[in-house]
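# Observations on the three-dimensional arrangement
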Amino acid sequence: MTSAYADVPRRGAPMPSGPRIAGAVMPGTDESAPIWEGPIEREALTPARPLVWLLGATGGAGVSSLTRSLAYAGDCQRGWPGYIGDLPDADSPLVVLVFRTTMHGVERAHSLLLQHAAGGTPEGTHILGVVSVADSDRPLSKPVRNRLAVVESLARSLAGHCWDVPWLEPWRVMPPRELPEWSPSSTLPADKKAARDPTRYPVAPVIALHDQIRVAAAARVKEISSSAT
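Please read all numbers here as calculations on a predicted model, not as lab measurements.

### Some points on the overall build of the chain
Summing up its helical and strand segments, the chain has 6 helices and 7 strands in all. For the chain, the succession of helices and strands along the chain, N to C, is β-β-β-α-β-β-α-β-α-β-α-α-α. Here the chain, with 229 residues, has 47% of them falling under the buried criterion. Within the chain, contacts between residues at least 6 apart in sequence are counted, and of these 71% link residues at least 24 apart. Accessible surface, the chain as shown: approximately 11,400 Å² in total, 53% of it carbon and sulfur.

Here's what the structure looks like:
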């Protein structure tokens, strides 16, 4: 396939004025994320037509694990969807930012929210919400907790939701490709012991996140459809 990014975003995307890096356009500052020119390249764990795109604020944010676990989610590989709007086979405009609860991860998520707020993402992009993924099983330090509160406040001001994923020990042990998938039609068995098997079924916080994001996405799609009529 051709390069993932191109020097100019698709129509509907604001022209960036920031620095360029290897085949990508970086609107604003070095803390911004690039914009895909055409349809996002599907990786092995990404469905053909994702309902929601997961944009990792940094590498190792947990996007691969979430993409595998949430049947409707796709990995946009740290770039904003650009092939959206009134286009043939357009990608979903719904984006969820995913970040680890390190200071670096929280700061990067803040930068991406600011990029969107400043008009540095394609017209029609919708921030559905942010997902903070615990970086350890210990409580957050006060500086990170305070900064996280700022990020979540900004996300809500952009009509986004805030979700969190606690420390999940199975994710430490199992690579993303081995994680079980959960879809709207999935159900847990009556056998409680079997239901707690992380090799067969996602752990409870992931199932809850699946349902919460899906409900939020359905509501946002309805809003978009209503405003277009």
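### Examining the packing of helix α2 (residues 103-117) against helix α3 (residues 142-157)
Taken N-terminus to C-terminus, the directions of α2 and α3 make an angle of 20 degrees; their axes are 10 Å apart at the nearest point. Here α2 is positioned roughly parallel relative to α3, judged by the angle of their axes. Regarding α2 and α3, the two cross each other, and that crossing is left-handed. Together, M103, V106, E107, A109, H110, L113 and L114 of α2 and P143, V144, R147, L148, V150, V151, L154 and A155 of α3 make up the contact between the two elements.

### Focus on α2
Over its 15 residues, α2 runs 21 Å from end to end, which matches the ideal 21 Å to within 8%, given 1.5 Å per residue. Looking at the buried side of α2, the elements it contacts are β3 (52-56), β5 (94-100), β6 (126-133) and α3. Backbone geometry just downstream of α2 places G119 in the positive-phi region, at approximately 85 degrees.

### So, unusual backbone geometry
For R78, which is not glycine, the phi torsion reads 65 degrees and is therefore positive. Structurally, R78 can be placed in the loop between β4 (73-75) and β5. A positive phi is found at A159, a non-glycine position, where the angle reads about 70 degrees. Among the secondary structure elements, A159 is positioned in the loop between α3 and β7 (161-165).

### Some remarks on the pairing of β7
Pairing of β6 with β7, which is carried by 5 bridges, proceeds in the parallel orientation. The residue of β7 that forms the bridge with V131 is W163. Crossover handedness for the path β6 to α3 to β7: right-handed.

### Some points on the pattern of salt bridges
Applying the stated rule across the entire model yields 4 salt bridges. Salt-bridge contacts for D91 lead to R42; the nearest nitrogen and oxygen are separated by 2.8 Å. With a gap of 49 residues between them, D91 in the loop between β4 and β5 and R42 in the loop between β2 (24-25) and β3 connect regions that are remote in the sequence. According to the relative accessible area criterion, R42 is partly exposed, its value standing at 29%.

### Re the nonpolar core
By size, the foremost hydrophobic cluster in this structure holds 25 residues, and its most contacted members are V52, V98, V131 and I213. Those elements giving two or more residues to this core turn out to be β3, α1 (63-69), β5, β6, β7 and α6 (204-228). If you tally residues by element for this core, the top one is α6, at 5 residues. Beyond its immediate sequence surroundings of up to four residues, V131 is in contact with L66, V96, L97, V98, F99, W163, V165, L209 and I213. The next biggest cluster of nonpolar side chains, apart from the first, holds 24 residues, and it includes A57, F99, V130 and V144.

What counts and how
Residues numbered from 1 in each chain as written. Predicted model: local features only at pLDDT ≥ 70, side-chain atom pairs only at ≥ 80, totals over all residues. Heavy atoms only, no water. Helix = DSSP H or I, 4+ residues; strand = E, 2+ residues; numbered from the N terminus. Buried < 20%, exposed > 50% of the residue type's maximum accessible area, 1.4 Å probe, protein only. Contact = heavy atoms within 4.5 Å. Areas by Shrake-Rupley, 256 points an atom, 1.4 Å probe, with all protein chains shown as cover. Axes fitted to C-alpha atoms, helices over the stretch in contact; angles between N-to-C directions. Parallel < 35°, antiparallel > 145°, perpendicular 65-115°, else oblique. Left-handed = near helix turned anticlockwise from the far one by under 90°. Expected span 1.5 Å × (residues − 1). Pairing = 2+ DSSP bridges. Right-handed = clockwise from strand over helix to strand, strands pointing away. Salt bridge = Lys/Arg side-chain N within 4 Å of Asp/Glu carboxyl O. Core = buried A, V, L, I, M, F, W, Y, C linked by side-chain atoms within 4.5 Å.

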